[in-house]
Amino acid sequence: MKGHVGCAVLLLTILMAPLVRAADPAMVLAPPQGPVQGGDTVIVDLYLHNNTDTAITRELPRSLPCRIVTGQSTLIVKADSADPEADLLLSIPGRGFAKRQYAVTLPVYATGAVRIILETIDTNPIIIQVEKAPSEAWEGQQVPLDEGPTMLQSFLEDLSVHEPMYFLLGVDPGLDQSKFQFSFKYRLFNSEGYLAEIAPWVTGFHLGYTQRSIWDLKGDSKPFDDTSYMPEAFYLLPKLDLNLARISAFGVQGGFQHESNGRAGTASRSTNYLYVKPILGVHLSGPFHMKIAPKIYTYVENEDENNGDLAEYRGYVDLEVGIMDPEGVALNSHLWWARKGASVQLDLTYPMTRLLGKSLNFYLQAQYFSGYAETLIHYNERHDAFRLGFSIVR
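Along every chain, residues carry numbers that run from 1 in the direction the sequence is written. Totals for whole chains, interfaces and linings use every residue, but because this is a predicted model, local features are given only for residues with pLDDT of at least 70 and side-chain atom pairs only at 80 or more, for both listing and counting. To obtain the side-chain values, all non-hydrogen atoms of the structure were included, while hydrogens and water were left out.

Novice: Go over the pattern of salt bridges with me, naming the residues and quoting the values.
Specialist: Between side chains of opposite charge, a pair can form when the charged atoms approach closely. Any carboxyl oxygen of Asp or Glu that lies within 4 Å of a side-chain nitrogen of Lys or Arg is treated as forming a salt bridge with it. Counted according to the given criterion, the structure contains 13 salt bridges. The salt bridge involving Asp158 is made with Arg187; its shortest N-O contact spans 2.6 Å. Here Asp158, found in the loop between helix 2 (148-152) and strand 10 (159-161), pairs with Arg187, found in strand 12 (residues 178-187); they are 29 residues apart in sequence, far enough to count as distant. Throughout, exposure labels follow a simple rule: accessible area from a 1.4 Å probe, protein chains only, divided by the maximum for the residue type, with under 20% read as buried, over 50% as exposed, and the rest as partly exposed. The buried category is assigned to Asp158, whose relative accessible area is 5%. Across the salt bridge formed by Glu312 and Lys340, the nearest N and O atoms sit 4.0 Å from each other. What counts as a helix is a DSSP run of H or I of at least four residues, what counts as a strand is a run of E of at least two, and both are numbered from the N terminus.

This is how it looks when you write it as structure tokens:
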């Protein structure tokens, strides 16, 4: 008889285990209130909500590991109970909740959007906006080298990506058609500054720079075949409300851009553009969006001696159309119309994070170009090129 009772108790324990797990409270982590600076000790609220009709008991650790993710690095610190005298054995009434607070000290170099994750508790991560720490807070602190610019540079928040950035190896016709591009823009007026407060529209003024090179990796000395240097000044209206359900983005960019290959004599090529570029995002279905961005431009003081007929090969319109899953595959296209014929560029990208988790943060990229004026030095020669490589901005 005792054996049967023991088996029954064991069976009941096994059957009740899922119910005990289901009775665990739901936990929500809430961010601190008020402004936060690097190096501050912040208080985060941990809420425990009982979704059942029966009171449950839960004991919290007095200290637990906390992961802090900044712009360049990840740091594990301790989150300690904000009140050392607080009772961490909680009795939560049915349909009720309890709250306990934990103190987390941020690294002095933390700035911008910072993620806080409690490692051993099943709760949500939080993101807080952190201001740069004052200079006196850095005294006695050892800063990682990749976070050092945070201490020295005050205006990194105004620097951002501009055009796509990639490195591609030439496949067809060969390595002599390898190509890379990098690009960034800088907002001239801080959105939190005095001028922006009295005239918010000034935050639209930007300086930009893009550099694109064709690199002959087949040649003995690995020479650059041609490089385009493209500084520009432009104004960006990032959001114009159309109040249409499927419109996911709409804005307009316009400005002045210079392009030259930096050479002298008969190899010199240069031109200037005035342009306007409306940019429209349309939600198609599920995760997929379409981007439509026609860049309409005219030439200003184009160099007549060495590339006077550039417009006949590059035209006056660059129609950009793309279909993309922000977390997955994207196909982007450019189409230029010109008197000598049309030119097209297709870019297919896929995030490596889909294949290897977060181990490699870049996109696999395939690019096909067919037409004229991919470079200034050979602007009037039609060619085709297929390339494979990676990109970090698409």
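Novice: Pulling in residues and values, what's your account of the nonpolar core?
Specialist: With 29 residues, the main nonpolar core has Leu46, Leu60, Cys66, Val104, Leu106 and Ile128 as its most contacted residues. Sorting elements by how many residues they give to this core places strand 2 (residues 41-49) first, with four residues. Every residue pair with non-hydrogen atoms within 4.5 Å of one another is taken to be in contact. Setting aside anything within four residues of it in sequence, one finds Cys66 in contact with Leu75, Ile76, Val77, Ala79, Val104, Ile116, Ile117, Leu118 and Glu119. What makes a nonpolar core is a set of buried Ala, Val, Leu, Ile, Met, Phe, Trp, Tyr and Cys residues whose side-chain atoms join them at distances within 4.5 Å. With 15 residues, the next largest nonpolar core counts Trp336, Phe369, Tyr372 and Tyr379 among its residues.

Novice: A description of the pairing of strand 22 (residues 383-393) should follow, citing residues and the corresponding values.
Specialist: We call two strands paired when DSSP finds no fewer than two bridges between them. Of the pairings in the sheet, the one linking strand 11 (residues 165-172) to strand 22 comprises seven bridges and is antiparallel in character. Counted as the bridge partner of Asp172 is Phe386 from strand 22. The sheet contact formed by strand 21 (residues 363-371) and strand 22 spans nine bridges and is antiparallel. In the strand pairing of strand 22, Gln365 is matched with Gly389.

Novice: Please set out a nonpolar patch on the surface residue by residue, giving values where relevant.
Specialist: Patch criteria: residues need more than 30% relative accessible area and no salt bridge. Like-charged residues are merged within 9 Å; nonpolar side chains of Val, Leu, Ile, Met, Phe, Trp and Tyr are merged within 5 Å. Computed with a 1.4 Å probe, the accessible areas rest on the Shrake-Rupley method; for each residue, only the protein chains presented here act as cover. Residues Val171, Leu284, Phe288, Ile323, Val329, Leu331, Leu346, Leu348, Tyr368, Phe386 and Leu388 make up a contiguous nonpolar surface patch of about 840 Å² in total accessible area. Looking at the nonpolar patch, the elements that each hand over two or more residues are strand 20 (343-351) and strand 22. Turning to its location among the elements, Leu331 is positioned in strand 19 (residues 330-337). Accessibility expressed as a relative area gives 44% for Leu331, which makes it partly exposed.

Novice: Kindly report on empty space enclosed by the protein, identifying the contributing residues and their values.
Specialist: Computed over the protein atoms alone on a 1 Å grid, cavities are sets of points where a 1.4 Å probe fits but cannot get out and pockets are open sets with protein on both sides within 12 Å along at least five of seven lines; a residue lines them when it has an atom within 4 Å of a point. Grid points are joined across faces, edges and corners, and a volume is the space filled by probe spheres set on the points. Within this structure, the stated rule accounts for one cavity of 30 Å³ or more. For the largest cavity, the calculated volume is near 30 Å³. For the largest cavity, the full set of lining residues is Arg212, Ser213, Ile214, Asp226, Thr227, Ser228, Glu374 and Thr375.

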